[in-house]
Every structure is written in structure tokens, then in C-alpha cells.
Amino acid sequence: MSIVTRIQTESTTGTQFIAIKTSTTVHAKEPHDVIKEARLLALASHPNIIPLIKRELSQRFHSLSLWMPYIPYSLDDLLRSSKFSPHPLISFGSSTSSTIPTARESQFVVLAKSIIFQVLCGVSYLHSDNVQIAHRDIKPSNVLVTTSGCVQLIDFGIAIRTVDEPPAQAGDLWPESPHRMYFEVSTGPYRAPELLFGTRAYDAFKIDSWSLGVTLAEFFTPLRLLDDGYDDDEPLTSESDSDSESDKHIVPPEPFIIQKGIRASAPTTRWSRESLFDGSRGEIGLAWSIFKTRGTPNENNWPSFLGLPDAGKVTFVNVGGVDLAPLLPNLPPSVSHMPLDTKTHAPSTEMTCSPLDLVHRFLVYEPSSRLRPTDALRHPWFIVEPGLVLPEGYTSHPPWLDVSNTTFTLENQTRTLGDLLQMSVTRQDGRENQGL
């Protein structure tokens, strides 16, 4: 649907790399719309939104090219690094926990907080009254990170501006109306459950809230070691995996999962971060994966469910939700002792200083009850020590939140957010940088 090319340019400030995204304007797959993407990007101006440098329309090739700064890392790069975990790999995540964070855990928490906070700042800006853009495809690969640690949201090809009238959409490839919206939005495991049941009238901002919850959960899901050169017909299992699908949540996964027969030192191995939900088996498979974790919908946990067009077409086995904590083995050990009810759908009134509480508040069935990104910025987890770190020159945090730290002290050494990122990230060529 699109091709991204990196070029090198020269300017008065030196060498600059540019990413050029080129998409067709005549054979685009619904609802992907590069014309609308350019229009919405031109409306947005925020440190956590990728800036549009210029756009070029080719009448000859029936395509539109968007010029944007080239950003070297994505959130995917960080999540698939074995160094981005509060647990050392050699311990395979000992079940013992302590209320005193280790140096490795502190680095993980600061970096995770700093990235998550900026993602929420960017989405909060998009959802603000002055902008009113819903992204509708929030996922780790659409979150880029500069070398200084500044988050930039990208790929607005299926975004929507909810206040756009027909004249504003006149040039769009696939215009939408409030009662004729596309439900073929979002990607795989990040899709909100209401999209799986044929609705064409939904709250697009709440779609983003659910996708945020799934994305944030991946900061704490297991890392699995894969071997591209390993030839075996056996399914991917490990000693921490259960033997049957029905027992999947009975035996909690370890922070690091290594399949039998795979050598960690093999040159063809790579780490992959698991998603909270399974999006590989189509919409029905994804729905069942969500229901097994959050419980089968009913009039209590999802009052509006039966109003969805396809809600009555499929009958699911009635199952209750499970505790989220065991599914997130890379949660910081120092907060694992906090008793939280993350099995039921109604989060407690009082927020708890834990990232698990933050994830739980996004993953609520009833869309109107999901946490708003702007309210998430007030979550107490961002305030407790160790605090978050902002990129140098970053000034767009909410004025009511007193955050000005640009450095973090780790083992008696001052580190910037860029330093922490370099110590933890996996480069795009698959190799890991040196770090803890």
C-alpha cells in the first residue's frame, strides 16, 4: 500500500535523513488514504507527532509522496530487546520480588515511563478539542523514537477527524460519516473488541484507548527467543508454556521464553515481544483471545454489547476474566506485591501507583468507561520514584504536571533519556546495543 524510502539531504544545519512515504491515489485499499493522511498531518503540530516536511503529488504515477524526518528507532525495536526488561536474562525472571528496585529495574522503569508518558501526550493532543483526530492504528511499530528519546507517532493513513464536514473530505479517497465509519481499522491484536462485531458507528477516540492499553501491556509481556534457522515442525513451546489452549492462563509465562532445542547463542536467533492478545487467527480468534483474558461479554461488563450488529451471530463459551498480572511477567518486581483486582472490568475508584493499574483502566469493554489518554497523564505511577525523564528541549507536558527532569542518575552516573535508550534498544538490523 505504501513504500518508504530513506534519502540523505544537505542543509545549512548539516546532513539530514528524510523518509519519503509514497502511496497510490487510485488503487488504495480501503480505508487507507494517503490524501487524508497528508491533510491531517498538516493540521497537527506537537513534539510527539511526526512533522510533515512537504508533499509531492505525481499525476504521472497517480501517487502522493509525504516527506518526513527519518527516525532511527521504533518502539518495536525497544520491545524486542532482551535488555529492555526489569529482569536479568540469566535469572530467567526469578519469582522472588523486592520492594527495593535494582539498577536494572530502575533503568527499565524510567525508560518505560518516559516513552509511555510521551505516547500519552501525543494521543492526548490528537484527542484535544482543538484537533479532534483519532489515530485508529496505535501499535508499537507506529511509535518511533529519536536518538534523544523523543517519541513521534506516525502513519495517519486510517486516522479520522471526527469534526470534519463533507467539504473538508472532498479530496479524500475514502470519506466517512459518523454513521458510516470503517470498522476495518487498527491492526491485529490492537483492535478494540467492538470493531470485531460490525459496528459502523463508534467512538473512534475509545478505539485509541483500547489500542493504547494493548500497546502499554507489551512493555511487560514475555520476550520469546526465535530462531529463523531452526527447522522443526513442533509448535513454539517452552517449559513455561502450558500443554493445552484451555490451560494457557493457568501456568503464567516467564519473562523470557526459550523453546526447547534453540540455542540462545545461535547467530540466527532474535527476540520477539509477545502480544497480550492473539491476533493471528482472524476476528473470531481475536475475540475469543480477548474474552478468555477479560471475560465473556455480559450485561454487567459490557452493557452495549448486544447493540452491535454482529453480536448475536456467534456464541462464545461463558468464561470469567483472569488476573492480568501473571500475563505480564516483565512488570517491575518492586510493584508486584501490590494487591490489584485486574480480573473484573470496573477498576477501583482510586488509582494505584502501578503500571498494571494503568493498563487495566484502558482495557475495559464498555467504551465510555475506558480511561482517556489525558486522564492517564495524571496517573500516580508517573509521579512516584524513580521518576520519568524527558528529552532535552521537551516542553509540551501538561502544565499541571511538574515534570522537568532531563537526566537520571544510574549507579552514580548521570544519564539522559537518549543514553537510557541506547543502553536498552535493539537496532533495526536486529543486533542489540551494549547495555545492562
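Residues numbered from 1 in each chain as written. Predicted model: local features only at pLDDT ≥ 70, side-chain atom pairs only at ≥ 80, totals over all residues. Heavy atoms only, no water.

- If you check an unreviewed UniProt entry, the protein chain appears there as cyclin-dependent kinase from Paxillus rubicundulus Ve08.2h10.
- The record in UniProt for the protein chain states the following under Sequence similarities (unreviewed entry): "Belongs to the protein kinase superfamily. CMGC Ser/Thr protein kinase family. CDC2/CDKX subfamily." (UniProt positions renumbered as here; feature names shortened; annotations may be inferred.)

## Description of the packing of aromatic side chains
Then, in step 1: Across all of its chains, the model carries 17 aromatic pairs by this definition.
Then, in step 2: Ring plane angle 65° and centroid distance 6.3 Å describe the contact between Phe17 and Tyr70, whose orientation is recorded as edge-to-face. Residue Phe17 is found in strand S2 (residues 14-24), and its partner Tyr70 is found in the loop between strand S4 (63-69) and strand S5 (73-74); the two are separated by 53 residues along the sequence.
Then, in step 3: Ring centres 5.5 Å apart and planes at 45° place the aromatic pair Trp381 and Phe382 in the tilted group. (Phe/Tyr/Trp six-rings, centres within 6.5 Å; stacked < 30°, edge-to-face > 60°. Helix = DSSP H or I, 4+ residues; strand = E, 2+ residues; numbered from the N terminus.)

## Notes on the nonpolar core
Then, in step 1: Ile115, Phe219 and Leu358 are the most contacted members of the largest nonpolar core, which has 101 residues in total.
Then, in step 2: The element contributing the most residues to this core is helix H3 (residues 103-127), with 14 residues.
Then, in step 3: If near-sequence neighbours (up to four positions away) are discounted, Ile115 is found in contact with Leu75, Leu78, Val145, Gly149, Val151 and Phe219.
Then, in step 4: Of all hydrophobic cores here, the second largest spans five residues; its members include Leu223, Leu225, Phe256 and Ile262. (Core = buried A, V, L, I, M, F, W, Y, C linked by side-chain atoms within 4.5 Å. Buried < 20%, exposed > 50% of the residue type's maximum accessible area, 1.4 Å probe, protein only. Contact = heavy atoms within 4.5 Å.)

## Focus on helix H6 (residues 355-362)
Then, in step 1: Of all eight residues in H6, eight are buried, a share of seventy percent or more.
Then, in step 2: Inspection of H6 places Pro355, Leu356, Asp357, Leu358, Val359, His360, Arg361 and Phe362 among the buried residues, and these make up the whole buried set.
Then, in step 3: If you follow the buried residues of H6, they end up packed against H3, helix H4 (204-217), helix H5 (282-294) and helix H7 (373-376).
Then, in step 4: Measuring from the backbone nitrogen of Leu356 back to the side-chain oxygen at the start of H6 gives 3.1 Å, which picks out Ser354 as the cap. (Polar contact = N/O pair within 3.5 Å; in protein donor to acceptor, adjacent residues only side chain to side chain.)

## Side note on the environment of Pro297
Then, in step 1: Mapped onto the elements of the fold, Pro297 is located in the loop between H5 and H6.
Then, in step 2: Apart from residues no more than four positions distant in its own chain, Pro297 is found in contact with Phe291, Trp302, Phe305 and Tyr365.

## A word on the side chain of Thr25
Then, in step 1: By the secondary structure assignment, Thr25 is in the loop between S2 and helix H1 (34-43).
Then, in step 2: Once residues lying within four places of it in the same chain are set aside, the contact partners of Thr25 are Val34, Ile35, Leu57, His62, Ser63, Leu64 and Leu173.

## Some remarks on the sheet that holds strand S11 (residues 256-258)
Then, in step 1: Overall, mixed pairing links the three strands, which are arranged S11-S10-S12 in an open sheet. Each of the sheet's edge strands pairs with one partner strand only, and the pair in question is S11 and strand S12 (269-273). Going from strand to strand, the sheet's axes swing by 30° on average, the running direction of each strand aside.
Then, in step 2: For strand S10 (residues 223-227) and S11, the ladder comprises three bridges, and the chain directions are parallel. If you follow Leu223 over to S11, its bridge partner there is Phe256. (Pairing = 2+ DSSP bridges. Axes fitted to C-alpha atoms, helices over the stretch in contact; angles between N-to-C directions.)

## Some remarks on the packing of H3 against H4
Then, in step 1: At a minimum axis separation of 12 Å, H3 and H4 run at an interaxial angle of 175°. Classed by the angle they form, the pair H3 and H4 counts as roughly antiparallel. Here Ile116, Val119, Leu120, Val123 and His127 of H3 come into contact with H4, specifically with Phe205, Asp208, Leu212 and Leu216. (Parallel < 35°, antiparallel > 145°, perpendicular 65-115°, else oblique.)

## Quick look at the confidence of the model for the protein chain
Then, in step 1: For the protein chain, the mean per-residue pLDDT works out to 87, and 87% of the residues sit at or above 70.
Then, in step 2: Across residues 233-249 the pLDDT falls below 50, and counting only partners more than four positions away or on other chains, this stretch makes 28 contacts in the model.
Then, in step 3: In the model, residues 428-436 has pLDDT below 50 throughout and makes 31 contacts with residues more than four positions away in sequence or in other chains. (pLDDT = per-residue confidence, 0-100.)

## Considering the side chain of Asp137
Then, in step 1: Within the element layout of this structure, Asp137 appears in the loop between strand S6 (133-134) and strand S7 (143-145).
Then, in step 2: On the basis of relative accessibility, which here comes to 5%, the residue Asp137 falls in the buried class.
Then, in step 3: At 2.7 Å, the side chain of Asp137 forms a polar contact with the side chain of Thr187.
Then, in step 4: Not counting chain neighbours up to four residues away, the residues in contact with Asp137 comprise Asn142, Asp155, Ile158, Ser186, Thr187 and Asp208.

## Overview of the sheet that holds S5
Then, in step 1: The strand order across the open sheet formed by three strands is S5-S7-S8, and the pairing between neighbours is antiparallel. Sheet topology places S5 and strand S8 (151-153) at the edges, where each strand pairs with a single neighbour.
Then, in step 2: Its contacts with the sheet put H3 on S7 and S8, and the angle it makes with S8 is roughly 40°.

## Topic: the pattern of salt bridges
Then, in step 1: Tallying each qualifying case throughout the model produces 19 salt bridges.
Then, in step 2: Across the salt bridge formed by Glu194 and Arg370, the nearest N and O atoms sit 2.7 Å from each other. Here Glu194 is found in the loop between strand S9 (160-161) and H4, whereas its partner Arg370 is found in the loop between H6 and H7, with 176 residues between them in sequence.
Then, in step 3: The exposure class assigned to Arg370 is buried, which follows from its relative accessible area of 2%.
Then, in step 4: Between Glu274 and Arg224 there is a salt bridge whose closest N-O contact spans 2.6 Å. Within this pair, whereas Glu274 is found in the loop between S12 and H5, its partner Arg224 is found in strand S10, the two being separated by 50 residues in sequence.
Then, in step 5: With relative accessibility at 26%, the residue Glu274 sits in the partly exposed group.
Then, in step 6: When salt bridges that share partners are traced, they join Arg39, Arg161, Asp164 and Asp172 into one network. (Salt bridge = Lys/Arg side-chain N within 4 Å of Asp/Glu carboxyl O.)

## As for the packing of H3 against helix H8 (residues 417-424)
Then, in step 1: Packing of H3 against H8 brings their axes to within 10 Å, and their N-to-C directions diverge by 115°. Here H3 is positioned roughly perpendicular relative to H8, judged by the angle of their axes. Regarding H3 and H8, the two cross each other, and that crossing is left-handed. Judged by residue contacts, Gln107, Val110, Leu111, Ser114 and Gln118 of H3 engage Leu417, Leu420, Leu421, Met423 and Ser424 from H8. (Left-handed = near helix turned anticlockwise from the far one by under 90°.)

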